[in-house]
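# Structural overview for review
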Amino acid sequence: MEENNFARLSKLTEGDYEAFLYDCDGTLADNMPAHTETYVEIAKQYNVDMDPAIIDELAGWPIFNVVEELNLRYKSNMDPAEFTARKAKLYFEEYIGKAVPITYVTEHLKANAGRVRIAVVSGGDRRAVQHTLEVIGVSDYVEVLVCAGETPKGKPFADPFLKAAELLGADPKKCLVFEDGNPGTQAAEAAGMHWVRIDQFKFG
């Protein structure tokens, strides 16, 4: 099954690309349920009983922006910076070591390292993303990392992907983005890049 998925992904990504830009959570690492659990747990500390489905809906958004959206939906006043810090601490201490790779995607990254430039573009905290990449065994292959708060706007805006292309010295039109959520593919399109939904084997 994994070999078939690897072959399917490889077929979708044939072409004259200069760089592959991978999301981390839910794309390289099978850790979205853990992230959702930490959101729910921290929200409860603010007496907000949030719907976990919101995290799938906003997959790829920086945590700060997710909290702002939660405040709008639940008419709450959670402090985004404080929430982000609490969530990062909880995830790092209790969940990060349990991250497992989405094998056909991590193998795809490794197979293409050296042939194209490699970046990881995430809406997560840099410390957590770096450690996740180490846990799933791909950190040595990643040349550039762009994380939450490192560009004026995060996904679904183009800024993170354009920043990664700039740091890699790659033409945005020759970058291919790997994502598992709509905000990420919207950001790729805004950056003028093609994208692949790794969970749907869909090219756009």
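Residues numbered from 1 in each chain as written. Predicted model: local features only at pLDDT ≥ 70, side-chain atom pairs only at ≥ 80, totals over all residues. Heavy atoms only, no water.

In this section: empty space enclosed by the protein. Summed over the entire model, instances satisfying the criterion amount to two cavities of 30 Å³ or more. Quantified by volume, the largest cavity comes out at close to 250 Å³. As for the largest cavity, its lining consists of 21 residues, of which Asp 25, His 35, Tyr 39, Trp 61 and Gly 123 are closest to the centre. Listing elements by their share of the lining of the largest cavity, those giving two or more residues are helix 2 (32-45), helix 4 (63-74) and helix 5 (80-94). Class assignment of the residues belonging to the lining of the largest cavity gives a composition of eleven nonpolar, five polar and five charged. Summarising the domain contributions, the lining of the largest cavity has at least three residues from each of domain 1 (5-28 + 102-203) and domain 2 (32-97). As for the second largest cavity, its lining consists of Pro 62, Val 121, Ser 122, Gly 123, Val 146, Cys 147, Ala 148, Gly 149, Thr 151, Gly 154, Lys 155 and Pro 160. Of the residues assigned to the lining of the second largest cavity, the class counts are six nonpolar, five polar and one charged. (1 Å grid on protein atoms, 1.4 Å probe; cavity = no way out; pocket = protein on both sides within 12 Å on 5 of 7 lines; lining within 4 Å. Points joined across faces, edges and corners; volume = space filled by probe spheres on them. Helix = DSSP H or I, 4+ residues; strand = E, 2+ residues; numbered from the N terminus. Nonpolar A, V, L, I, M, F, W, Y, C, P; charged D, E, K, R; others polar. Domains from an automatic or database assignment.)

What follows concerns helix 7 (residues 126-135). Residues of helix 7 that are buried: Ala 128, Val 129, Thr 132 and Leu 133. Taken end-on, helix 7 shows its buried residues confined to a sector of 135 degrees, consistent with a single buried face. Packing partners of the buried residues in helix 7 comprise helix 5, strand 2 (117-121) and strand 3 (144-146). A side-chain oxygen of the first residue of helix 7 lies 3.2 Å from the backbone nitrogen of Arg 127; this N-cap is Asp 125. (Buried < 20%, exposed > 50% of the residue type's maximum accessible area, 1.4 Å probe, protein only. Arc of directions from axis to C-beta. Contact = heavy atoms within 4.5 Å. Polar contact = N/O pair within 3.5 Å; in protein donor to acceptor, adjacent residues only side chain to side chain.)

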